[in-house]
Amino acid sequence: MSPQTLLVTVGSTLFVSLTETILSPSILSILPGLGIRKIVVQYGAADLLALTQIEDLEVDAHGRGQFVWRDYNGLGEVAVQVLKYTDDFTGLVASADAIISHAGVYIPCSLSRHSSASSSSNPAGSGSILTSLRSGPKPLLVVPNTSLMDNHQAELAAELEKQGYLTVSTVE
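The shown structure was predicted, so the numbers you read here are calculated from the model rather than taken from an experiment.

**Student:** So what's going on with the layout of surface pockets? Residues and values would help.
**Tutor:** In this structure, the largest pocket encloses a volume near 390 Å³. The wall of the largest pocket is formed by 22 residues, among which Leu6, Ile22, Ile27, Ile100 and Leu141 lie closest to the centre. For the lining of the largest pocket, the secondary structure elements donating two or more residues are helix H1 (16-22), helix H2 (25-30), strand S5 (98-102) and strand S6 (140-143). Partitioning the lining of the largest pocket into residue classes produces 17 nonpolar, four polar and one charged.

Below is the structure:
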């Protein structure tokens, strides 16, 4: 059975190349053919450049928005939800059928500089990889953020791939 809901998470880091690639027309257009009907993109600290490229996307003061992507060829549509941060990362992971995660830095909600009453950081990187694996068997693609200086999360991802728990890829 193909996944219906895809979660893409970058945690609290800047990983513009991943979020912008995922929200590009070329990627959104192939998702319906893969059985994906909904995509949730948690985009972290970055400005969402897609705001200027997708006219139906409006983001509120808390960094949340949604729109429906309709393929140019009329081959399908995908409900797209974007959010800067979440207070319930475990719930977000549980609601997804497949996950694309960065391999960045783990920042607990209570320690994040982004924490506030209305928005807090989710466990990211190693934390989001482990949370995803604990949520049960589902496809997990990890994309290391090579712009970060510390590479231990990418090393963890490579070891977990070797053991068959996930797949590692690049944005390219």
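Following the structure, the description resumes.
**Student:** Give me the lowdown on the nonpolar core, citing residues and values where you can.
**Tutor:** Of all hydrophobic cores here, the largest spans 24 residues; its most connected members are Leu6, Val8, Leu18, Ile39, Val41, Val80 and Val82. Going through the elements one at a time, strand S1 (5-9), H1, strand S2 (38-42), strand S3 (64-70), strand S4 (77-83) and S5 are the ones with two or more residues in this core. In terms of residues, this core owes the most to one element, S4, which gives three residues. In contact with Leu6, other than residues within four places in its own chain, are Leu31, Ile36, Lys38, Ile39, Val40, Ala98, Ile99 and Ile100. In terms of nonpolar packing, the next biggest core, distinct from the first, is built from 15 residues, Leu92, Ala96, Ala103 and Leu166 among them.

**Student:** A description of the pattern of salt bridges should follow, citing residues and the corresponding values.
**Tutor:** A full pass over the atoms with the stated rule returns two salt bridges. For Glu159, the salt bridge identified is with Lys162, shortest N-O distance 3.6 Å. Taken together, the residues span about one helical turn, with Glu159 and Lys162 both in helix H6 (residues 152-162) at a distance of three residues. The class of Glu159 is partly exposed, set by a relative accessible area of 34%. On the basis of relative accessibility, which here comes to 68%, the residue Lys162 falls in the exposed class.

**Student:** Lay out the sheet that holds S6 with the relevant residues and their values.
**Tutor:** Reading across the sheet, the seven strands line up as S3-S4-S2-S1-S5-S6-S7 and stay open at both edges, with mixed pairing between neighbours. The open sheet terminates on both sides in strands that have one partner only, identified here as S3 and strand S7 (167-168). Bridge analysis of S1 against S5 gives four bridges, and the strand direction is parallel. In the strand pairing of S5, Leu7 is matched with Ile99.

**Student:** Before we move on, can you summarise the pairing of S4 with the specific residues and values?
**Tutor:** Pairing of S2 with S4 involves five bridges; the strand directions are parallel. The residue bridging Gln42 from the neighbouring strand is Leu83, located in S4. With seven bridges connecting them, S3 and S4 associate as antiparallel partners. In the strand pairing of S4, Trp69 is matched with Val78. Where S3 folds back on S4, the antiparallel hairpin that results is connected by six residues, among which Gly74 adopts a positive phi of roughly 70°.

**Student:** Any details on the side chain of Thr131? Residues and values, ideally.
**Tutor:** Looking at where Thr131 falls in the secondary structure, it is placed in helix H5 (residues 126-134). Here Thr131 falls in the buried class, since its relative accessible area comes to 15%.

**Student:** With reference to specific residues and values, describe the environment of Thr167.
**Tutor:** If you trace the backbone, Thr167 turns up in strand S7. For Thr167, a relative accessible area of 43% translates into the label partly exposed. Taking the C-alpha atoms as reference, Thr167 lies 9.5 Å from Ile100; in sequence the two are 67 residues apart. Sequence-distant contacts of Thr167, defined by excluding residues within four places in its chain, comprise Leu140, Leu141, Val142 and Glu161.

Thresholds, definitions, all that
Throughout, a residue's number is its position along its own chain's written sequence, starting from 1. Under the rules for a predicted model, residues below a pLDDT of 70 receive no local features and side-chain atom pairs below 80 are neither given nor counted, while totals for whole chains, interfaces and linings still include all residues. Side-chain measures were taken over the full set of non-hydrogen atoms in the model, leaving aside hydrogen atoms and water. Computed over the protein atoms alone on a 1 Å grid, cavities are sets of points where a 1.4 Å probe fits but cannot get out and pockets are open sets with protein on both sides within 12 Å along at least five of seven lines; a residue lines them when it has an atom within 4 Å of a point. Grid points are joined across faces, edges and corners, and a volume is the space filled by probe spheres set on the points. Secondary structure counts use DSSP, requiring at least four H or I residues in a row for a helix and at least two E residues in a row for a strand, with both numbered from the N terminus. Throughout, the ten residues Ala, Val, Leu, Ile, Met, Phe, Trp, Tyr, Cys and Pro are labelled nonpolar, Asp, Glu, Lys and Arg are labelled charged, and all others, Gly among them, are labelled polar. The definition of a nonpolar core used throughout is a set of buried Ala, Val, Leu, Ile, Met, Phe, Trp, Tyr and Cys residues joined through side-chain atoms within 4.5 Å. Working definition: with a 1.4 Å probe on protein chains only, accessible area under 20% of the residue-type maximum means buried, over 50% means exposed, and in between means partly exposed. The criterion used for residue contact is that any of the two residues' heavy atoms lie within 4.5 Å. A carboxyl oxygen of Asp or Glu within 4 Å of a side-chain nitrogen of Lys or Arg is what we treat as a salt bridge. Note on pairing: DSSP must find at least two bridges between two strands before they are called paired.

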